[in-house]
Amino acid sequence: MCIIKVDFTGAQSVSKSGADCNYVWIDPPSVAELKERLIKRGEDKETVENVVKDAENEMKQAKTSNLYNKFILNNDTQATFTRLVETLNEMYPDLDLKL
């Protein structure tokens, strides 16, 4: 198993390569929360606006595509990690990942 972090376009490229993959999309709780997180990280206004615009487009594309096997809402870091581990255990039962 290989885990890579790619945007929607990157996931499409991997899919077109013919690789046998499972795809998991992790969403922010809301666009407002995404903006707040970026601001807290110290990003400037222009960067925040660009990232949010790109994220909104990618979230729409991800949800309307048939590419992703699972969607996870990232409203709490620990809970999101737990859901991701559970998802990976479902997809790859031989791994038996522990929390």
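Use the structure listed above.
Now for a quick tour of the structure. Worth saying up front: this structure is predicted, and the values here are computed from it rather than measured.

**Things to note about the side chain of Glu58**
Tracing the backbone through its elements, the reader meets Glu58 in helix H3 (residues 45-64). The side chain of Glu58 is buried and forms no salt bridge, while Lys5, the nearest opposite charge, is found at 8.2 Å. Setting aside anything within four residues of it in sequence, one finds Glu58 in contact with Asp7, Phe8 and Trp25.

**With respect to the pattern of salt bridges**
For the structure shown, the criterion picks out 4 salt bridges. Linking Glu33 and Arg37 is a salt bridge whose minimum nitrogen-to-oxygen distance equals 3.1 Å. Here Glu33 and its partner Arg37 are both found in helix H2 (residues 31-40), 4 residues apart, which amounts to about one turn of the helix. A salt bridge links Lys98 to Asp96; the nearest nitrogen and oxygen atoms lie 2.8 Å apart. A residue is classified by how much of its surface remains accessible, and Asp96, at 45% relative accessible area, is partly exposed.

**Considerations on the nonpolar core**
In a soluble, globular protein the nonpolar side chains are often hidden away together inside. Phe8, Trp25, Leu67 and Tyr68 are the most contacted members of the largest nonpolar core, which has 13 residues in total. Only helix H1 (8-16), H2 and H3 provide two or more residues apiece to this core. Counting residues per element, this core draws most heavily on H3, which supplies 5 residues. Residues contacting Phe8, with those up to four places away along its chain left out, are Trp25, Glu58, Gln61, Ala62, Ser65, Leu67 and Tyr68.

**Description of the environment of Ile72**
Residue position: Ile72 is located in strand S2 (residues 70-73). Using a relative accessible area of 2% as the deciding quantity, one classes Ile72 as buried. Taking the C-alpha atoms as reference points, Ile72 and Lys35, 37 residues apart in sequence, are found 19 Å from one another. If sequence neighbours within four positions are ignored, Ile72 has contacts with Val24, Trp25, Ile26, Asp27, Thr80, Arg83, Leu84 and Thr87.

**Brief notes about the environment of Ile26**
With respect to the helices and strands, the residue Ile26 is situated in strand S1 (residues 24-27). We classify Ile26 as partly exposed; its relative accessible area is 38%. As a C-alpha pair, Ile26 and Asn75 span 49 residues in sequence and 9.9 Å in three-dimensional space. Apart from residues lying up to four places away in sequence, Ile26 is in contact with Ile72, Asn74 and Thr80.

**Some thoughts on unusual backbone geometry**
For Asp96, which is not glycine, the phi torsion reads 50 degrees and is therefore positive. Tracing the sequence through the fold places Asp96 in the segment after helix H4 (77-91).

**Here we look at a negative patch on the surface**
On the surface, a cluster of negative charge is made up of Glu43, Asp44, Glu46 and Glu49. With respect to the secondary-structure elements, Glu43 resides in the loop between H2 and H3.

The rules behind the values
- Residues numbered from 1 in each chain as written.
- Predicted model: local features only at pLDDT ≥ 70, side-chain atom pairs only at ≥ 80, totals over all residues.
- Heavy atoms only, no water.
- Helix = DSSP H or I, 4+ residues; strand = E, 2+ residues; numbered from the N terminus.
- Buried < 20%, exposed > 50% of the residue type's maximum accessible area, 1.4 Å probe, protein only.
- Lys, Arg positive; Asp, Glu negative; His and termini not counted.
- Salt bridge = Lys/Arg side-chain N within 4 Å of Asp/Glu carboxyl O.
- Contact = heavy atoms within 4.5 Å.
- Core = buried A, V, L, I, M, F, W, Y, C linked by side-chain atoms within 4.5 Å.
- Patch = residues over 30% accessible without salt bridge, like charges linked within 9 Å, V, L, I, M, F, W, Y side chains within 5 Å.
- Areas by Shrake-Rupley, 256 points an atom, 1.4 Å probe, with all protein chains shown as cover.
- Charge placed at Lys NZ, Arg CZ, Asp CG, Glu CD.

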